[in-house]
Amino acid sequence: SSNFTGFNSNYSSKGFSSFWENIRSVPKVVKTSITITFKESILGVSKPIKYSFLDNCTKCDPALNANSSDFIDCRRCSGSGKEMHQQGYVSIFTPCRECGGSGRVKSSSCEVCGGAKKISVNAEATLAIPAGIVSGNILRITNKDKNLTTMVKVIVSKSSIFERRGIDIYSSINITLKEALLGC
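If you're wondering where the values come from, they're calculated on a predicted model, not measured in any experiment.

**Student:** Hey, could you run me through the environment of Arg 165 in this one?
**Tutor:** If you trace the backbone, Arg 165 turns up in strand β10 (residues 162–165). At 3.1 Å, the side chain of Arg 165 and the side chain of Glu 163 are in polar contact.

Take a look at the structure:
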């Protein structure tokens, strides 16, 4: 039996196009932060968050507009979706910088994004912050519908009464000698 049996079934007919399709399905990662009070960090809280991120323009994506006459073959890669870079005897193929590996580009400037291929998208989510969270911890929200992973850095505000050292909480208060001996 050949060591390349699986390779042939995966890449023989389509070339590496299935590889590029899998790369496009990797979730987008967005980073944001939220500030909570010291009390909320100790007890846990559920907070709504709003953030924005850059997403691909749906009008410029040839995969979403496959049958549209607004798209032509990319001039840079002649519609292959790949660019060849050669150094000596070694040839390396990378996704085309112009079309992003799709092989097609919009024939005229996009009315939505102006040709930038990216648009600003606003998003909202509810973040469940667990009790005992420490400032600097990062929580992840996954939205499979939008193929989006949001990484939220939690920042805990300082308390005027309490101080946290590791997992311990300290507080200093002034008491009289009588209160110290007899209890408060």
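Having seen it, we continue.
**Student:** How should the environment of Thr 94 be read in this particular structure?
**Tutor:** Among the secondary structure elements, Thr 94 is positioned in strand β5 (residues 90–95). Residue classification places Thr 94 among the partly exposed residues on the basis of a relative accessible area of 25%. Sequence separation between Thr 94 and Gly 81 is 13 residues; the distance between their C-alpha atoms is 8.6 Å. Within the structure, the side chain of Thr 94 is placed 3.0 Å from the side chain of His 85, a separation counted as a polar contact.

**Student:** Sorry if this is basic, but what is going on with unusual backbone geometry here?
**Tutor:** Not every positive phi belongs to a glycine, and Ser 78 is a case in point at roughly 60°. Inspection of the secondary structure puts Ser 78 in the loop between β3 (71–73) and β4 (82–87).

**Student:** How do you make sense of the pattern of salt bridges when you look at a structure like this?
**Tutor:** Side-chain pairs of opposite charge can arise whenever the charged atoms involved come near each other. The final tally for this structure, using the stated rule, is six salt bridges. Between Arg 97 and Glu 83 there is a salt bridge, and its shortest N-O distance comes to 3.1 Å. Linking Arg 97 in the loop between β5 and β6 (104–106) with Glu 83 in strand β4, this pair joins segments that are 14 residues apart in sequence. Residue Arg 97 is classed as exposed on the basis of its relative accessible area, which comes to 59%.

**Student:** Just to check I follow, could you spell out the environment of Thr 58 for this structure?
**Tutor:** Here Thr 58 is to be found in the loop between β2 (45–56) and β3. The spacing of Thr 58 and Cys 113 is 55 residues in sequence and 9.5 Å in space, taken between C-alpha atoms.

**Student:** What exactly am I supposed to notice about the sheet that holds strand β8 (residues 138–143) here?
**Tutor:** As a general point, the strands of a sheet are linked pairwise by backbone hydrogen bonds and lie either parallel or antiparallel. The strand order β1-β9-β8 describes an open sheet built from three strands, whose pairing is mixed. The open sheet has two free edges, formed respectively by β1 (28–36) and β8, since each of these has just one partner strand. The sheet shows a mean angle of 25° between the axes of neighbouring strands, taken without regard to direction. Summarising the sheet, β1 and strand β9 (residues 148–156) pair through nine bridges and their orientation is parallel. In the sheet register, Thr 32 faces β9, and the bridge partner there is Val 152.

The rules we used
- Residues numbered from 1 in each chain as written.
- Predicted model: local features only at pLDDT ≥ 70, side-chain atom pairs only at ≥ 80, totals over all residues.
- Heavy atoms only, no water.
- Helix = DSSP H or I, 4+ residues; strand = E, 2+ residues; numbered from the N terminus.
- Polar contact = N/O pair within 3.5 Å; in protein donor to acceptor, adjacent residues only side chain to side chain.
- Buried < 20%, exposed > 50% of the residue type's maximum accessible area, 1.4 Å probe, protein only.
- Salt bridge = Lys/Arg side-chain N within 4 Å of Asp/Glu carboxyl O.
- Pairing = 2+ DSSP bridges.
- Axes fitted to C-alpha atoms, helices over the stretch in contact; angles between N-to-C directions.

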